[in-house]
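As a plain string of letters, each chain reads:
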Amino acid sequence: MRQSNLQDNRSVITAGEPSPQPNSWWGMKKNAIKANKHSYILMAPYMILFSLFTILPVVMSIIISFTYFNMLEFPRFVGWQNYIRLFLEDDVFLIAIKNTLLFATITGPISYIACFIFAWIINELSPKWRAFMTLVFYAPSISGNVFFIWLMIFSGDRYGVMNGFLIKWGILLEPIQWLKTEAYIMPIIILVQLWLSLGTGFLAFIAGLQTVDRTLYEAGAVDGVKNRWQELWFITLPSMKPQLMFGAVIQLTTSFAVSDVSIYLAGFPSVNYAAQTVVTHLIDFGTIRFEMGYSSAIATVLFIMMVGSNLIIQKLLRKVGD
Amino acid sequence: MNFLLRLRTKRVNRSLFGNFSLFMLLCVMGSFMVLPLIYAINNAFKPLDEIFLFPPRLFVRNPTMDNFADLINLLGNSWVPFSRYIFNTVFITGMGILGHVLLASAAAYPLAKHKFPGGRFLFQIVVLSLMFSGAVTAIPNYMIMSWIGFIDTYWAVIVPAFAFPLGLYLMKQFMEQIPDALLEAAKIDGASEYRIFWTIVMPNVKPAWLTLIILLFQMLWGSDGNGFIYSEQLKSLHYAANQIVMGGVARAGVGAAVALILMSVPITLFVFSQSRILETMATSGMKD
């Protein structure tokens, strides 16, 4: 709407110049491109770099995934062989897929809902408290690599905070090797990942809640909205659809890409690959074994998983409130 | 009157019990979020015997600055002067932010305000790229870097940051709010597109700059150039910090001090820019 207005005005301004009447679709496009050359010039630097460091790598990754490539010899075309090996012969990859899906299905939705619920409660506080609580919840994700603090908490000796407290309270007699015991590794990484996950999506929710039209609540109260839950469902959620979409994409993408926390806490490789994720598997083959074709196949699978699940989620969210 | 009405509706839809239980939930989860950070802060001020105390204690008893003194000692003896690490990180962060804010704003302006062939499509691709993380492109990225000759230079970290997609996305959404009348008035006065961008659009999107700055700052401040930078004298503060933390038991106190310094910078920055950042995020709709 707004854009079309601007468009009209431009044509009014440029109407004085004689321009050849376009007779074909291509002619019209060509004129439009010429008229907007400033737009292209403004966008060029960003778009060139964006293509070079984002689009081109994705395309390259897909192409390389069909080759055998070790960085020394010229890549050799091998067809689907990498993918066949990945899914049929590589047991560790199956563990990695399982772990990654576990992360995505647990931390994705939980962090998403947590982001929203905390933002929603915080929104009811007075401005001073709101700013303070926002900081409290946002601080872990902003403060860089402080998740090493969890290394101290789950340290395997009795000086580790967790062991220390559990022994003091008499729940444990012996310290537990938290990060070296298969059964505990995943839950701990999920916990730390959740701790880190209230980031950009959370901020978007806090901000979105503040933009919801106040008069809607008043109208709702008149129309018989009885409690805060109805208010949430009938007024707040539908008004925040754009932010809900944005948050979903951010949370889902981060929960698919878990690797730093896993490598840092559980080691690389972790005990019996208990904390292997698709990304750590990719790092393993890409930077240690130099099997570039194979790791590109892993990257392609990850790419399809991330984009595919995001598109599905978006489709589902678009239905909310329709 | 309006104020009274709001107060009344608020009371109608809120129960005391609900308020209380939600507030309790917030407090419990808030302490889960903040306790590890408090522990980290306190550790930086603990003397070594308190760090290895059984049972462990959250708060420091006899605060001391020894860890920071040790840190300065340690840094005085390192092979690469510590100021070099600081310079590297500041340079990478500064250049990356500057370039990103300029390029992303320049690209966002036509996307937000003009209609031209391919514009929508290009924006769609940027939105699509929000849906996958950098890990997917790590390997081809390395190859591209080595073709251009960026390996083992600062630019391997700085230049990709220029084209960080989230920044362009937020900037474009924010720019859509600038009233068209303003731009049209300038156009009628004879200003060129570049002049409009530089003298009218840019000053109007200052809150969005801050958001881009803090997002990029977070990303670049924490980057260690892993995989791209090999020379010791080009490595970042973060890399140096990691080495100190990895020093093990004897360095536990110094490690805590380093961690405190590293995390306090982005948090301080956020505290001062919070309201502006929220303003930008409010426009962050996933519209297409």
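What counts and how
Residues numbered from 1 in each chain as written. Chains lettered and ligands numbered in written order. Predicted model: local features only at pLDDT ≥ 70, side-chain atom pairs only at ≥ 80, totals over all residues. Heavy atoms only, no water. Helix = DSSP H or I, 4+ residues; strand = E, 2+ residues; numbered from the N terminus. Rg over C-alpha atoms; globule rule 2.2 N^0.38 Å. Buried < 20%, exposed > 50% of the residue type's maximum accessible area, 1.4 Å probe, protein only. Contact = heavy atoms within 4.5 Å. Areas by Shrake-Rupley, 256 points an atom, 1.4 Å probe, with all protein chains shown as cover. Lys, Arg positive; Asp, Glu negative; His and termini not counted. Charge placed at Lys NZ, Arg CZ, Asp CG, Glu CD. Salt bridge = Lys/Arg side-chain N within 4 Å of Asp/Glu carboxyl O. Polar contact = N/O pair within 3.5 Å; in protein donor to acceptor, adjacent residues only side chain to side chain. Nonpolar A, V, L, I, M, F, W, Y, C, P; charged D, E, K, R; others polar. UniProt positions renumbered as here; feature names shortened; annotations may be inferred. Domains from an automatic or database assignment. Buried area = accessible area lost by both parts, 1.4 Å probe. Core = buried A, V, L, I, M, F, W, Y, C linked by side-chain atoms within 4.5 Å. Phe/Tyr/Trp six-rings, centres within 6.5 Å; stacked < 30°, edge-to-face > 60°.

Chemist: Is there a simple way to explain the overall build of chain B in this structure?
Modeler: In terms of helices and strands, chain B carries 14 helices and 0 strands. Helices and strands appear in chain B in the N-to-C order α-α-α-α-α-α-α-α-α-α-α-α-α-α. Compactness check: chain B gives a C-alpha radius of gyration of 24 Å against a globular reference of 19 Å for 288 residues, more than 25% above the reference. Its C-alpha atoms give chain B principal-axis dimensions of roughly 70 × 65 × 35 Å. Expressed as a percentage of its 288 residues, the buried residues of chain B come to 54%. Look at the contacts in chain B between residues 6 or more apart in sequence, and 75% of them connect residues 24 or more apart. Counting only carbon and sulfur atoms, one obtains 68% of the accessible surface of chain B, whose full area is about 13100 Å². For chain B, the separation between the mean place of its 20 positive charges and that of its 14 negative charges on side chains is 11 Å.

Chemist: Help me understand the interface of chain B and chain A in this model?
Modeler: Interface size is commonly expressed as the accessible area that is lost once the parts come together. Between chain B and chain A, the residue contacts involve 106 residues of the former and 112 residues of the latter. Between the two partners, chain B and chain A, sit 0 salt bridges. The interface formed by chain B and chain A holds 11 residue pairs in polar contact (both at pLDDT 80 or more) in total. When residues of the side of chain B that touches chain A are assigned to their parent elements, the largest contribution, 16 residues, is made by helix H2 (residues 16-44) of chain B. Across the side of chain B that touches chain A, the residue classes break down as 74 nonpolar, 21 polar and 11 charged.

Chemist: I'm lost on the UniProt feature "transmembrane region" (unreviewed entry) in chain B in this one. Help?
Modeler: Residues and elements named next belong to chain B. Those residues carrying the UniProt feature "transmembrane region" (unreviewed entry) are residues 20-41, 85-109, 121-142, 154-171, 208-229 and 249-272 in this numbering. Taken as a whole, residues 85-109 contains 100% helix and 0% strand, while its terminal C-alpha atoms sit 36 Å from one another. Along residues 208-229, the helical share is 64% and the strand share 0%, with 31 Å between the first and last C-alpha atoms.

Chemist: What exactly am I supposed to notice about the UniProt feature "transmembrane region" (unreviewed entry) in chain A here?
Modeler: All names here are of chain A. UniProt's feature table lists "transmembrane region" (unreviewed entry) at residues 40-69, 101-123, 135-153, 184-207, 244-266 and 292-313, given in the numbering used throughout. The span residues 40-69 shows a helical share of 83% and a strand share of 7%, and its end C-alpha atoms are spaced 37 Å apart. Note that residues 292-313 is 100% helix and 0% strand, and that its end C-alpha atoms are spaced 31 Å apart.

Chemist: Got a minute to help me understand the domain arrangement of chain A in this structure?
Modeler: All names here are of chain A. Its domain assignment divides chain A into domain 1 (1-65) and domain 2 (85-317). Taken over C-alpha atoms, the centre of domain 1 sits 38 Å from the centre of domain 2. Taking both partners together, domain 1 and domain 2 bury about 430 Å²; carbon and sulfur atoms supply 68% of that area. Sorting the residues of domain 1 by area buried against domain 2 places Ser61, Ile64 and Ser65 first, and these three jointly supply 70% of that buried surface. Along the contact surface separating domain 1 from domain 2 lie 0 salt bridges. Linking domain 1 to domain 2 there are 0 residue pairs in polar contact (both at pLDDT 80 or more). In terms of residue class, the side of domain 1 that touches domain 2 is made up of 3 nonpolar, 2 polar and no charged.

Chemist: Explain the nonpolar core to me, please; I cannot follow it from the model alone.
Modeler: Nonpolar side chains tend toward joint burial in soluble globular proteins. The biggest cluster of nonpolar side chains holds 191 residues, and the ones touching the most others in it are A:Tyr46, A:Phe137, A:Trp150, A:Phe202, B:Leu168 and B:Met175. Ranked by residue count, the leading element in this core is helix H5 (residues 91-123) of chain A, at 13 residues. In terms of domain composition, this core takes at least three residues from each of domain 1 (1-65) and domain 2 (85-317) of chain A.

Chemist: Looking at this structure, I do not really get the packing of aromatic side chains. What am I missing?
Modeler: Describing an aromatic ring pair means giving the distance of the ring centres and the angle of the ring planes. For the coordinates displayed, the defined rule picks out 32 aromatic pairs over all chains. With 5.7 Å between their ring centres and 20° between their planes, B:Phe87 and B:Phe91 make a pair best called stacked. Taken together, the positions of B:Phe87 and B:Phe91, both in helix H5 (residues 82-113) and 4 residues apart, correspond to about one turn of that helix. Cluster of aromatic residues (ring-pair linked, three or more members): A:Trp150, A:Phe154, A:Trp178, A:Tyr184, A:Trp195 and B:Phe32.

Chemist: Explanation requested: the side chain of A:Thr277 in the structure shown.
Modeler: Residue and element names in this part refer to chain A. With respect to the helices and strands, Thr277 occurs in the loop between helix H14 (260-266) and helix H15 (278-288). Overall, Thr277 belongs to the buried group, its relative accessible area being 1%. Reaching out from Thr277, the side chain makes a polar contact with the backbone oxygen of Val258 at a distance of 2.8 Å.

Chemist: Just to check I follow, could you spell out unusual backbone geometry for this structure?
Modeler: Among all residues except glycine, the phi angle is most often negative; among peptide bonds, the trans geometry is most common. For the peptide bond that leads from A:Phe268 to A:Pro269, omega is 0°, which places it in the cis range. When you line up the elements, A:Pro269 lands in the loop between H14 and H15. Positive phi outside glycine occurs at A:Phe290, with the angle close to 55°. Within the fold, A:Phe290 resides in the loop between H15 and helix H16 (292-319). Its identity is not glycine, yet B:Asp152 carries a phi of approximately 65°, on the positive side.

Chemist: Where do I start with the pattern of salt bridges in this structure?
Modeler: Between side chains of opposite charge, a pair can form as their charged atoms come close. Residue and element names in this part refer to chain A. In total, this model carries 5 salt bridges over all chains according to the counting rule given. The partner of Glu291 in a salt bridge is Arg85, and the shortest N-O contact between them spans 3.0 Å. Here Glu291, found in the loop between H15 and H16, pairs with Arg85, found in helix H4 (residues 81-89); they are 206 residues apart in sequence, far enough to count as distant. Owing to a relative accessible area of 22%, Glu291 belongs among the partly exposed residues under this scheme.

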